[in-house]
Amino acid sequence: MIRFADKRILLECLRPDLAGLGSKVAIGAAWTFTNVGLRIILTIASTAILARLLTPEDFGLIAMSALVTEFAALLGNIGIGGILIQRKALRRLDMDTAFWITMAIDTALCLLVFAASFIAGAIFQTPQVQTIIAVSSLSFIISGLSTVHMALLSRTLRFREDFVIQAGSLICRIVASVLLAMAGFGVWSLVFASLIGQLTTLLLAYLIVPYLPRLRFNRSLLSQYARTSGSYLGGGIVNYLMSNLDYMIVGRRFGPESLGYYQTAFSLPEELRNRLSAPLQRVLFPAYSRLQDDLSAMQYGVLKSLRLLALVTIPLGVGLAAVADPLVRVLYGDQWLPVIPLLKILAVGGAIRSIFSMTASIFYATDNAQLALKIFTLILPIVAITLTIGSAWGLTGMAWAMLAAQTTSIFAAHIALRLIKLNIFTLFKTLAPATLSACVMYLGLTLTNPIISHLPPAATLSIKISAGALLYTIFMAIIANDQIKEIKSLISRKRHGKD
């Protein structure tokens with residue numbers, strides 16, 4: 001049961017309790033996967049509706065504006081939340097200082113984005129982009145108000161409360177976007193719905209976490225934040241460029257409609273990272289931070305986390321590639337058919353990104369953010385060259401280039417694992433059962449194409465999903481039944497309320 005304004009949250013932040021940490025992490029993972037399931041169901045349902053109410057150009061305009069707002073968000077990502085989680089000892093003064101730093105930065109970013117909106121409109125030669133970015137600039141102030149609250153929930157491993165906030169925000173955003181789209185707001189239904197979702201997060205965060213900032217500021221603490229935050233900021237900028245170079249190239253070279261197709265194909269597999277690995281990192285980062293002095297425990301936690309994540313994300317990525325044709329026809333309709341060949345390629349890349357992005361938690365939990373920055377700075381030119389070459393072959397070339405660029409993640413993973421005395425071969429061994437089972441599933445689904453090709457898309461999709469899930473589960477049970485048991489154990493503990 002959720003307790004509003006629970007003062008124990010603040011007490012646990014000041015005096016962390018390591019007792020039952022393993023159980024807390026397991027339950028946190030269970031709540032995370034519950035959140036994932038809800039998000040996937042609601043996202044798919046809302047996408048099917050919005051794809052018929054809006055146009056590819058509408059989604060392309062949002063993707064163009066996101067290039068500016070996401071970059072600005074990274075300028076404000078000096079790792080304040082991560083610092084609050086990672087610190088071994090935390091004081092109330094630390095929270096207050098972090099809050100006012102965050103608000104000062106986010107207010108400045110709001111004004112900066114508003115000014116940058118005019119430049120973006122000129123670059124993309126699309127005036128509507130300028131207005132969308134200007135309105136979206138308000139999101140920085142809204143999200144900044146809850147940064148400390150969400151970090152405190154993560155520090156205390158309160159993932160049930162985090163689930164309530166995330167689910168509430170998602171539901172409000174989706175309902176708002178659909179209602180506004182039905183009312184004829186067009187692209188603005190997505191803009192306003194995003195702001196409504198952030199306001200919901202803000203309201204629930206303040207109701208659940210009993211923290212109100214005091215008007216005080218520690219200048220010496222600011223210098224500590226500045227030293228640590230530089231690596232977070234630099235790493236965020238590099239990660240932004242690696243994640244958005246393809247959008248920049250497509251938007252500039254092929255226009256908003258083509259970007260709408262590409263972004264839609266990219267967003268489905270990207271759900272693997274946003275809905276699986278990213279939330280799971282919120283569970284693991286505070287847990288790894290507490291275990292930074294216990295190498296064997298961290299090794300065990302990292303491998304178990306990667307094993308469980310692979311068990312879900314790899315078959316989902318490969319499965320999306322296998323069912324791309326009927327999925328696009330059912331979810332989006334015939335106006336989105338150019339998405340199909342792109343999705344077949346990008347879905348596999350989504351699974352790779354989801355797995356290897358988990359290694360970021362190792363860098364930050366072991367206080368090696370500067371090393372992560374150096375590594376990804378070296379990788380960035382390789383990604384840029386790869387994408388530039390791929391763009392010569394249109395959207396399909398971009399998709400193949402993006403998939404090829406994901407292989408650079410292996411190098412970063414290798415360095416991260418060495419920090420905790422593991423190697424890349426151990427990682428491959430951990431991923432092997434899920435990868436092999438997913439390949440068997442893909443082959444089986446491919447062989448069914450001639451048999452069921454005459455059926456309606458909805459029937460084809462249903463059969464492929466059912467057959468794929470069955471094939472994957474059976475093969476995993478044969479070669480790695482212990483991993484299936486791990487998932488069952490997590491579900492059982494969550495069902496019996498052991499949280």
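Preceding this paragraph is the structure being described.
Residues numbered from 1 in each chain as written. Predicted model: local features only at pLDDT ≥ 70, side-chain atom pairs only at ≥ 80, totals over all residues. Heavy atoms only, no water.

> Kindly report on the overall build of the protein, identifying the contributing residues and their values.
When you go through the protein residue by residue, the secondary structure sums to 22 helices and zero strands. For the protein, with 499 residues in total, the buried portion stands at 54%. When the accessible area of the protein is evaluated, it comes to approximately 21500 Å², of which 67% is carbon and sulfur surface. (Helix = DSSP H or I, 4+ residues; strand = E, 2+ residues; numbered from the N terminus. Buried < 20%, exposed > 50% of the residue type's maximum accessible area, 1.4 Å probe, protein only. Areas by Shrake-Rupley, 256 points an atom, 1.4 Å probe, with all protein chains shown as cover.)

> Residues and numbers for the pattern of salt bridges, please.
Scanning the entire structure with this criterion turns up two salt bridges. Close ionic contact of R92 with D96 constitutes a salt bridge, the shortest N to O distance being 3.8 Å. One end of the pair, R92, and the other, D96, are both in helix α5 (residues 92-124), four residues apart, so they sit about a helical turn from each other. Where R329 meets D325, a salt bridge forms, and the shortest distance between an N and an O atom there is 2.6 Å. A residue pair is termed a helical-turn pair when its members lie 3 or 4 positions apart in one helix, as R329 and D325 do in helix α14 (residues 324-331) at four residues. (Salt bridge = Lys/Arg side-chain N within 4 Å of Asp/Glu carboxyl O.)

> Could you give an account of the nonpolar core, with specific residues and numbers?
Ranked by internal contacts, the top residues of the largest apolar core, which has 103 residues, are Y262, L327, W336, L343, L346, L387 and L427. Among the elements that line this core, the one with the most residues is helix α13 (residues 295-322), at 12 residues. Sequence-distant contacts of L387, defined by excluding residues within four places in its chain, comprise L245, D246, I249, M398, A401 and M402. Core analysis: the second largest hydrophobic core is formed by 17 residues, M95, L152, L153 and V209 among them. (Core = buried A, V, L, I, M, F, W, Y, C linked by side-chain atoms within 4.5 Å. Contact = heavy atoms within 4.5 Å.)

> Talk me through unusual backbone geometry; I want residue IDs and the actual numbers.
Backbone geometry places K421, a non-glycine residue, at a positive phi of 65°. On the secondary structure map, K421 appears in the loop between α19 (409-419) and α20 (424-452). Given the relative accessible area of 63%, K421 is considered exposed.

> An account of the packing of helix α9 (residues 159-182) against helix α10 (residues 188-208) is needed here, citing residue identities and associated values.
One way to put it is that α9 packs onto α10 with a least axis distance of 8 Å and a crossing angle of 155°. Our classification of the angle between α9 and α10 gives roughly antiparallel. Taken as a pair, α9 and α10 cross one another with a handedness that is right-handed. Residues E161, V164, I165, G168, S169, C172, R173, A176, S177, L180 and A181 of α9 form the contact with α10, whose own contacting residues are S189, F192, A193, S194, I196, G197, Q198, T200, T201, L204, A205 and I208. Among the residues forming the contact of α9 with α10, the class breakdown is 12 nonpolar, nine polar and two charged. (Axes fitted to C-alpha atoms, helices over the stretch in contact; angles between N-to-C directions. Parallel < 35°, antiparallel > 145°, perpendicular 65-115°, else oblique. Left-handed = near helix turned anticlockwise from the far one by under 90°. Nonpolar A, V, L, I, M, F, W, Y, C, P; charged D, E, K, R; others polar.)

> Describe the environment of D106, listing the residues and the values that go with them.
Structurally, the position occupied by D106 is in helix α5. C-alpha separation for the pair D106 and A72, spaced 34 residues apart in sequence, amounts to 9.2 Å. With residues up to four places along the chain from it excluded, the contact list for D106 reads F140, I141 and G144.

> Residue-level account of a nonpolar patch on the surface, with values.
Side chains of I49, L53, I171, V175, L179 and M182 sit close together on the surface and give an oily, nonpolar patch of about 540 Å² of accessible area. Of all the secondary-structure elements, those providing two or more residues to the nonpolar patch are α2 (21-53) and α9. The greatest single-element share of the nonpolar patch, amounting to four residues, is contributed by α9. Structurally, M182 is set in helix α9. (Patch = residues over 30% accessible without salt bridge, like charges linked within 9 Å, V, L, I, M, F, W, Y side chains within 5 Å.)

> Break down the environment of A401 for me, with residues and values.
Here A401 is to be found in helix α18 (residues 394-405). The spatial distance from the C-alpha of A401 to the C-alpha of D246 is 9.1 Å, given a sequence separation of 155 residues. Once you skip the residues sitting within four places of it in the chain, A401 turns out to touch T386, L387 and G390.

> Which residues make up the environment of P127, and what values go with them?
Relative to the assigned elements, P127 resides in helix α6 (residues 127-136). When its relative accessible area of 66% is taken as the criterion, P127 is described as exposed. For the pair formed by P127 and S117, sequence separation is 10 residues and the distance between their alpha carbons is 9.5 Å.

> Please give an account of the packing of aromatic side chains that cites residues and values.
Enumeration according to the criterion identifies 10 aromatic pairs in this entry. Ring plane angle 80° and centroid distance 5.5 Å describe the contact between F59 and W336, whose orientation is recorded as edge-to-face. Of the two residues, F59 sits in helix α3 (residues 56-75) while W336 sits in the loop between α14 and α15 (339-356), which places them 277 residues apart along the sequence. Members of the aromatic cluster, connected to one another through ring pairs, are F59, Y261, Y332 and W336. (Phe/Tyr/Trp six-rings, centres within 6.5 Å; stacked < 30°, edge-to-face > 60°.)

> Help me get a handle on the packing of helix α8 (residues 147-155) against α9, residues and values and all.
At a minimum axis distance of 8 Å, the contact between α8 and α9 shows a crossing angle of 145°. The segment α8 lies against α9, with M150, L153 and S154 engaging F159, E161, D162, I165 and Q166. Here the contact of α8 with α9 is built from residues that sort into four nonpolar, two polar and two charged.

> Tell me about the side chain of T69, and please be specific about residues and values.
In this fold, T69 is placed in helix α3. Since its relative accessible area comes to 16%, T69 is described here as buried. Polar side-chain contacts of T69 include one of 3.4 Å to the backbone oxygen of A66. Apart from residues lying up to four places away in sequence, T69 is in contact with V113, I133, S136 and F140. (Polar contact = N/O pair within 3.5 Å; in protein donor to acceptor, adjacent residues only side chain to side chain.)

> Tell me about α9, and please be specific about residues and values.
Taking 1.5 Å as the rise per residue, α9 with 24 residues should run 34 Å; its terminal C-alpha atoms sit 34 Å apart, in good agreement. Taken from the residues just after α9, G184 is the one with a positive phi, measuring 90°. (Expected span 1.5 Å × (residues − 1).)

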